[in-house]
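# Architecture at a glance
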Amino acid sequence: MSSSFSTARPHRLPPPCPHLVAYRSGCGTPLRSLHRCLRPRSSGRAEVRRDPGEVPRCASCPPTATRHGPRLYACLSCAAVSCRAHAPDHATLVPSHEIALDVDRAELFCAACCDQVYDPDFDAAVVISITSLSSSHLPPRPPEKRAKRRRVEYRAWAPDPKERAVIGRRSSPLIVQEGNTSSTTTTTANSTTTTANSSPSSSVSSPSSLPWGLRGLNNLGNTCFMNSVLQALLHTPLLRNYFLSDRHSRYVCQQKNKKKGGSKEKSNVAEQKNPAGGSQPCLACDLDAMYSAVFAGDRKPFSPAKFLHSWWQHASNLASYEQQDVHEFFISILDGIHEKEQDQCKPRSHVGNGDCCIAHKVFSGILRSDVTCTICGFTSTTYDPCVDISLDLDSSQDPMKMATSKLQACESETDSLLTSQCYGISTLSGCLEHFTRPEKLGADQKFFCQNCQARQESVKQMSIRKIPLVTCFHIKRFEHSLIRNMSRKVDRYLQFPLSLDMAPYLSSSILRARCGNRIFAFDGGDDSDAATELASEFELFAVLTHSGNLEAGHYITYLRLNNQWYKCDDAWVTHVSESIVRASQAYMLFYVQKILYYKASQDVVAS
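In this report, the structure presented in the accompanying data block is examined. Not measured: the values here are computed from a predicted model.

Once that is clear, we can look at the overall build of the protein. Within the protein, the regular secondary structure consists of 17 helices and 28 strands. Considering only residue pairs separated by 6 or more positions, the protein has 70% of its internal contacts joining residues 24 or more positions apart. Working note: accessible area of the protein is about 32,200 Å², and carbon and sulfur atoms make up 53% of it.

Here the phi dihedral of Ser96 falls at roughly 65 degrees; this positive angle occurs in a residue that is not glycine. Here Cys114, not a glycine, exhibits a phi torsion of approximately 55 degrees, which is positive. In this structure, Cys114 sits in the loop between β6 (108–110) and β7 (115–116). Note on Cys114: relative accessible area 39%, which makes it partly exposed.

As enumerated under the stated definition, the model contains 15 salt bridges in all. A salt bridge links Arg215 to Asp298; the shortest N-O distance between them is 3.5 Å. Of this pair, Arg215 sits in the loop between β10 (192–196) and α5 (224–234) while Asp298 is found in the loop between α9 (283–294) and α10 (305–314), placing the two residues 83 residues apart along the sequence. Residue class for Arg215 comes out buried when judged on its relative accessible area of 8%. Look at Asp298 and you get partly exposed, because its relative accessible area is 22%. Between Glu578 and Arg582 there is a salt bridge, with its nearest N and O atoms 2.8 Å apart. Remark: Arg582 and Glu578 occur in helix α17 (residues 578–582); sequence separation between them is four residues, near one turn of the helix.

Another point: the environment of Arg39. Here Arg39 is to be found in strand β1 (residues 38–40). Other than its neighbours up to four places away in sequence, Arg39 contacts Arg45, Ala46, Glu47, Val48, Arg49 and Arg50. There is a polar contact of 2.9 Å between the side chain of Arg39 and the side chain of Glu47.

Moving on: empty space enclosed by the protein. Counted according to the given criterion, the structure contains two cavities of 30 Å³ or more. Estimated volume of the largest cavity: approximately 60 Å³. What lines the largest cavity is simply Tyr73, Ala74, Cys75, Ala80, Ser82, Ala87, His90, His97, Glu98, Ala100 and Ala111. Elements that contribute at least two residues to the lining of the largest cavity include exactly β3 (72–75) and α2 (87–93). Residue composition of the lining of the largest cavity, by class: seven nonpolar, three polar and one charged.

Let's shift gears to the packing of helix α6 (residues 237–244) against α9. For the pair α6 and α9, interaxial distance at closest approach is 10 Å and the crossing angle is 90 degrees. Relative to α9, α6 is oriented roughly perpendicular. For the pair α6 and α9, contact is made by Leu239, Arg240, Phe243 and Leu244 and by Ala284, Leu287, Asp288 and Tyr291, respectively. Within the contact of α6 with α9, the residues separate by chemical class into six nonpolar, no polar and two charged.

Here we take up the packing of aromatic side chains. By the definition in use, this model includes 13 aromatic pairs. Plain terms: the ring middles of Tyr73 and Phe109 are 4.1 Å apart, the flat faces sit at 20 degrees to each other, and that makes the pair stacked. Taken together, the residues Tyr73 in strand β3 and Phe109 in strand β6 connect sequence positions 36 residues apart. There is no split in this pair, since Tyr73 and Phe109 are both buried.

Strand order in the open sheet formed by four strands is β12-β11-β18-β15, and the pairing between neighbours is antiparallel. Looking at which strands have only one partner, the edges of the open sheet turn out to be β12 (379–386) and β15 (439–440). The sheet contact formed by β15 and strand β18 (residues 458–466) spans two bridges and is antiparallel. The residue of β18 that forms the bridge with Lys440 is Val459.

Strands pair in a sheet through their backbones, by hydrogen bonds, and they do so in one of two ways: parallel or antiparallel. With antiparallel pairing, the five strands of this open sheet are ordered in space as β4-β3-β5-β6-β7. Edge strands, defined here as strands with exactly one partner in the open sheet, are β4 (81–83) and β7. Sheet topology places β3 next to strand β5 (residues 99–102); three bridges connect them, and they run antiparallel. Note on β5: the bridge partner recorded for Cys75 is Ala100.

Burial runs high along strand β24 (residues 537–548): 10 of the 12 residues are buried. Bridging between strand β23 (residues 499–501) and β24 involves three bridges; their strand directions are antiparallel. Bridging across to β24, Ser499 finds its partner in Glu539. Two strands pair when backbone bridges link them, and β24 and strand β28 (residues 586–593) are joined in this way by seven bridges, in the antiparallel orientation. For Glu539, the partnering residue across the bridge sits in β28 and is Val592. In textbook terms, the turn of a hairpin is the stretch between consecutive antiparallel strands, and for β24 and strand β25 (residues 553–561) this stretch comprises four residues.

Moving on, we come to the side chain of Arg477. Tracing the sequence through the fold places Arg477 in the loop between β19 (470–476) and β20 (478–481). As a buried residue without a salt bridge, Arg477 has its nearest oppositely charged side chain in Asp491, at a separation of 5.4 Å. Filtering out sequence-adjacent residues up to four positions away, Arg477 remains in contact with Leu393, Arg488, Lys489, Val490, Asp491, Arg492, Leu494, Gln585, Ala586 and Tyr587.

Let us look at the environment of Phe590. Within the element layout of this structure, Phe590 appears in strand β28. Residues Phe590 and Asp388, 202 residues apart in the sequence, show an inter-C-alpha distance of 9.5 Å. In this view, Phe590 contacts Ala232, Phe330, Phe363, Val470, Thr471, Cys472, Glu539, Leu540, Phe541, Ala542 and Leu544; residues no more than four positions away in its chain are not counted.

Turning our eyes to something else, we now look at the pairing of β19. Burial analysis of β19 places six of its seven residues in the buried class, the great majority of the element. Relative to β19, strand β13 (residues 389–392) is paired through four bridges, and the arrangement is parallel. The partner of Leu391 across the bridge, within β19, is Ile475. Inspection of the sheet shows β19 paired to β28 by five bridges, in the antiparallel sense. Among the inter-strand pairings, Cys472 is bridged to a residue of β28, identified as Phe590.

The rules behind each value
- Residues numbered from 1 in each chain as written.
- Predicted model: local features only at pLDDT ≥ 70, side-chain atom pairs only at ≥ 80, totals over all residues.
- Heavy atoms only, no water.
- Helix = DSSP H or I, 4+ residues; strand = E, 2+ residues; numbered from the N terminus.
- Contact = heavy atoms within 4.5 Å.
- Areas by Shrake-Rupley, 256 points an atom, 1.4 Å probe, with all protein chains shown as cover.
- Buried < 20%, exposed > 50% of the residue type's maximum accessible area, 1.4 Å probe, protein only.
- Salt bridge = Lys/Arg side-chain N within 4 Å of Asp/Glu carboxyl O.
- Polar contact = N/O pair within 3.5 Å; in protein donor to acceptor, adjacent residues only side chain to side chain.
- 1 Å grid on protein atoms, 1.4 Å probe; cavity = no way out; pocket = protein on both sides within 12 Å on 5 of 7 lines; lining within 4 Å.
- Points joined across faces, edges and corners; volume = space filled by probe spheres on them.
- Nonpolar A, V, L, I, M, F, W, Y, C, P; charged D, E, K, R; others polar.
- Axes fitted to C-alpha atoms, helices over the stretch in contact; angles between N-to-C directions.
- Parallel < 35°, antiparallel > 145°, perpendicular 65-115°, else oblique.
- Phe/Tyr/Trp six-rings, centres within 6.5 Å; stacked < 30°, edge-to-face > 60°.
- Pairing = 2+ DSSP bridges.
- Lys, Arg positive; Asp, Glu negative; His and termini not counted.

Here is the structure:
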């Protein structure tokens, strides 16, 4: 489902500054060699290198006066330091001294034009100064200060008296069986009457107290992995709204398959694939049928046997009653839905845009990988579509250990398996920080630099170009060692927030921290950076946990509905406290965007 693709888009830079052109053509210091005068800051950006006790100040301002503005500039020709008010005077009095360097932000400034200027050689010098040191020597990047937004409490819609009257005139009573035939609930627009004279359902102690659509799933023989993923998908808000609004009708899909099968009768292709004369199973149709059954009101545990059989036909290599990995099952389901609906993809849709099927519209995102040459600063960028983000649980490991030799790598792999069993605490923000941290590639992983025309050592950094509407985090709890031929589970405790801000891990934020405002163009995608950053706040709604070891384990799903937590353990659904969820060993986390931004459809015709 994922494939890599590279884009090379020409950046449209502003007209060059005439004073910078004159400086480059003269006998000025080569801008690329200025990386020796720069050093990385704790925030990941660069600044002018100076002694620890040195405090720069404007040479023209009196000692008792406060400097004019927060910026100080050092002349590249004579190293004179001036504030923004006196920098133009220095450029006027001394010819060819117009180009200066921002002391705190390492950005070029033209004192004659009173504006920042851009030069690719200087930009390469900044990148080299940042990547020349080990990222392990740098303190973690502090979170960005974001403007506070007004938070409005979510309130579910409730009809007013006029709307109730309209609904009552155009609707009929709904008879809901609660648990068995002797427990009946009659629901209308104006009233709800419940008669319960028997024992409650076997799945929960009090079915009527559970949210609508929350229903247990029977274990069909080591199928807790399937039940846990299905519970998360059934209560994914965007998927639920899509199927319950009949956007994918299994009846319409079956009619289309019959027409396609009829056109192939001459070649007998359909008969060879399915002797019954039907078509290949559609996981989206089975999911649609499951939504109808789960949200029909019946509280008895549901048996997803039809879905299991269809999945076996889709993934024949996993067709057995053995325990499977939930992450692999989750990817397989999305892959099955995508394969069935890929014929309906828009021809103009670009790879990774997530416009081809409901699975990609909800879960698809784009990762950005930047590999920077440590010699010349050339950066190669690659974009990878993804439907989830896999995170290393132990975020305290030094990424520079990856730069050791093969023998050292073998030893560190053995040590990591032994030390990973020690109980500790990790945080989701720490895992994301580790995921987006610059990583120096080893000598055996040199990449071919197009600028140097040779294989050079490099630094790789991952970031998130496009955030999915529903972001799924896969926590790597299972480690495999090819050296010792062994596999173990990592029992490290993971702290995860209910509300998550993804802004620090976006490509725009990371590039801004790395290069400042020297970036004039960015990717050229359909979604602007501002819109991506506005939709960076997420809310947790599902947690998939794994208990036990590799040989014998069990999967459970915790769902957050109406700000209450519910434990879905196969056929049993119970209300639990938030502390129980936080104490569990999270294996997959599902976050949904708090605010959804809609784009006007191009197919809308004005009436």
